Every structure is written in C-alpha cells, then in structure tokens.
Amino acid sequence: MLSKTTLLAFDTSAAHCAAALFCDGRVVATHVDEMARGQAEHLMPMLEEFLGQKDKTWSDLTRIGVGIGPGNFTGIRISVSAARGLALGLDVPAVGISTLDALHHLHPGQTVAVTAPRDMIYAQFPGAAPSLITARDAPDAIFSDDPHALIGALAEVAAHSDINRDARPKPLYIKPADAAPARDTAPVILP
C-alpha cells in the first residue's frame, strides 16, 4: 500500500523550514531552508514550490506528515496548524511525528536528543518517554546535525504509521511555555 502513498512531510520546530516528499515507497526529495525567524510566512510558499519542482500538486497528496516537536514553541504550532488545515482542506489524514521518533528511526536502540533552551536537552532513552534533562545526564545521546536526513526520516515514519482519519496531530511540549498569562485584571469594556 505504501507504493500508492504520496506524502508531504514538513517541520518548523527548529531554526528551519524543512520538507520531504515520499512517493513510490520511498523518500524522493528533501528541502531545507535554514532560518531563525519567519517560518510562518515562508512555509506554504516553500511547500508549493517544492511540490511543483517534483511535478506534484496538492491534489496528488494522500497523506500529510508533520513534525510535532519537541522544539521551538511557535515553530511547532506553525507546522501543526498548517498540517491540520491541509488535512482538512485536502481530505487526507495528517500524522504527527516527534523529532525524537524520527531520530530513533535513524538510530534505533540509541538515546537521542534535541537541544533545548538554557543548556538543557530533550532526550529520549530507548523505550522511555521524552524528558527534559541536562546534557550530562545523557552523555551518549545522539543529536542530528543533518536536517535533510531528519526530515527524510520523519517522512518515512509518517508513511509507515497507522492512520486514524479522526486523529489530529498535536504539539509535543515536554516543558510548559516560557510565556505566562497576564496577572493583571482584564480591562473593563465600556458600553
């Protein structure tokens, strides 16, 4: 059945916009634009151009794969929101894949990690849930320095995942957001 799957995977949870196209049973192309800001404005035009370069259109897609984190809070929300919207508009399933699961696909049986703020890492030991720890607590953790390999792995995992058309990708937040609601009393709206 994978030979009939045409999947577009994308991720904005790090300082990039990354995409991969899976069709004919394999990843046929990847694209990465390194960027610290501006992913929200860049993502959809980049995906449109990427599909066009591979002679594909939105209507060719049978599945969406999306990176759900861990990583940048806003970046995760950008790609998950885009995936949900595309899945709804195209009437195809969207599958959320964590960066750590993609890393495990590349390095089975190893401890994998993603850099986190404040000298911490998001780590996942084999068979365990992801956690936020210091790097010294996982000295043998494997990080990915190749965003092309990582987005390709994300696409492969998404293509092989069981799908539930009613399920929607959800962000993977291992720690709460740094932002907090205002403590001030809400303003009074006058009639």
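**What about helix α4 (residues 147–160)?**
Line of reasoning, step 1. Taking 1.5 Å of rise per residue, the 14 residues of α4 would be expected to cover 20 Å, and the 20 Å separating its terminal C-alpha atoms lies within 8% of that figure.
Line of reasoning, step 2. Most of α4 sits inside the fold, with 10 of its 14 residues counted as buried.
Line of reasoning, step 3. Along α4, the residues that are buried comprise P147, L150, I151, G152, A153, L154, A155, V157, A158 and A159.
Line of reasoning, step 4. Where α4 is buried, its residues meet β1 (7–11), β2 (16–23), β3 (26–34), β4 (63–67), β5 (94–97) and α3 (99–106).
Line of reasoning, step 5. Its side-chain oxygen placed 3.0 Å from the backbone nitrogen of H148, D146 serves as the N-cap of α4.

**What to know about unusual backbone geometry**
Line of reasoning, step 1. With an omega of 5°, the peptide bond running from G69 to P70 counts as cis.
Line of reasoning, step 2. One non-glycine residue, R118, adopts positive backbone phi at about 60°.
Line of reasoning, step 3. Here R118 is to be found in the loop between β6 (112–116) and β7 (120–124).

**A closer look at the side chain of S98**
Line of reasoning, step 1. By secondary structure assignment, the location of S98 is in the loop between β5 and α3.
Line of reasoning, step 2. Residue S98 is classed as buried on the basis of its relative accessible area, which comes to 5%.
Line of reasoning, step 3. Among residues more than four places away in sequence, those in contact with S98 are I68, G69 and L172.

**Observations regarding the nonpolar core**
Line of reasoning, step 1. Grouped together as the largest cluster of nonpolar side chains are 27 residues, with contacts concentrated most on L8, F10, L43, L47, W58 and I64.
Line of reasoning, step 2. Not counting residues up to four positions away in its chain, the partners in contact with L43 are F10, T12, C17, I78, S79 and A82.
Line of reasoning, step 3. In this structure, A18, L100, A116 and L154 belong to the second largest nonpolar core, which totals 24 residues.

**Focus: the environment of D11**
Line of reasoning, step 1. With respect to the element layout, D11 can be found in strand β1.
Line of reasoning, step 2. By relative accessible area, which is 5% here, D11 ends up buried.
Line of reasoning, step 3. Each residue touching D11, except ones within four places of it in the same chain, is listed here: H16, C17, A18, G67, S79, I151 and L154.
Line of reasoning, step 4. In terms of polar contacts, D11 uses its side chain to reach the side chain of S13, at 3.0 Å.

**Some remarks on the pairing of β3**
When a strand is regular, its side chains alternate between the sheet's two faces.
Line of reasoning, step 1. With eight bridges joining them, β2 and β3 adopt antiparallel strand pairing. Residue pairing in the sheet places C23 in a bridge with R26 of β3.
Line of reasoning, step 2. In this structure, the hairpin formed by β2 and β3 is closed by a connection of two residues, where D24 is found at a positive phi of approximately 55°.

**Some points on the sheet that holds β3**
Line of reasoning, step 1. Reading across from one edge, β3-β2-β1-β4-β5 is the order of the five strands in this open sheet, with mixed pairing throughout. The open sheet terminates on both sides in strands that have one partner only, identified here as β3 and β5. Strand-to-strand, the axes of this sheet are offset by a mean angle of 15°, without reference to chain direction.
Line of reasoning, step 2. Note that β1 and β2 share five bridges and pair antiparallel. Looking at β2, one finds that F10 is bridged to A19.

**Quick look at the environment of P171**
Line of reasoning, step 1. Mapped onto the fold, P171 is located in the segment after α4.
Line of reasoning, step 2. Placed 100 residues apart in sequence, P171 and G71 show a C-alpha to C-alpha distance of 9.7 Å.
Line of reasoning, step 3. Beyond its immediate stretch of four places on either side in the chain, P171 contacts I68, I76, R77 and V80.

**Describing the sheet that holds strand β8 (residues 131–134)**
One key point about sheets: their strands pair by backbone hydrogen bonds, in either a parallel or an antiparallel sense.
Line of reasoning, step 1. Within the open sheet, the three strands sit side by side as β6-β7-β8. Their pairing is antiparallel. In this open sheet, the two edge strands, each paired with only one partner strand, are β6 and β8. With strand direction ignored, the average angle separating the axes of adjacent strands in the sheet is 40°.

**A closer look at the packing of aromatic side chains**
Line of reasoning, step 1. Counted by the stated rule, this structure contains one aromatic pair.
Line of reasoning, step 2. Summarising the aromatic geometry, the rings of F73 and Y173 are spaced 4.8 Å apart at their centres and angled 25° between planes, so their arrangement reads as stacked. Here the residue F73 occupies a position in helix α2 (residues 73–90), and Y173 occupies one in the segment after α4, the gap between them amounting to 100 residues.
Line of reasoning, step 3. A residue is classified by how much of its surface remains accessible, and F73, at 39% relative accessible area, is partly exposed.

Rules behind the numbers
- Residues numbered from 1 in each chain as written.
- Predicted model: local features only at pLDDT ≥ 70, side-chain atom pairs only at ≥ 80, totals over all residues.
- Heavy atoms only, no water.
- Helix = DSSP H or I, 4+ residues; strand = E, 2+ residues; numbered from the N terminus.
- Expected span 1.5 Å × (residues − 1).
- Buried < 20%, exposed > 50% of the residue type's maximum accessible area, 1.4 Å probe, protein only.
- Contact = heavy atoms within 4.5 Å.
- Polar contact = N/O pair within 3.5 Å; in protein donor to acceptor, adjacent residues only side chain to side chain.
- Core = buried A, V, L, I, M, F, W, Y, C linked by side-chain atoms within 4.5 Å.
- Pairing = 2+ DSSP bridges.
- Axes fitted to C-alpha atoms, helices over the stretch in contact; angles between N-to-C directions.
- Phe/Tyr/Trp six-rings, centres within 6.5 Å; stacked < 30°, edge-to-face > 60°.

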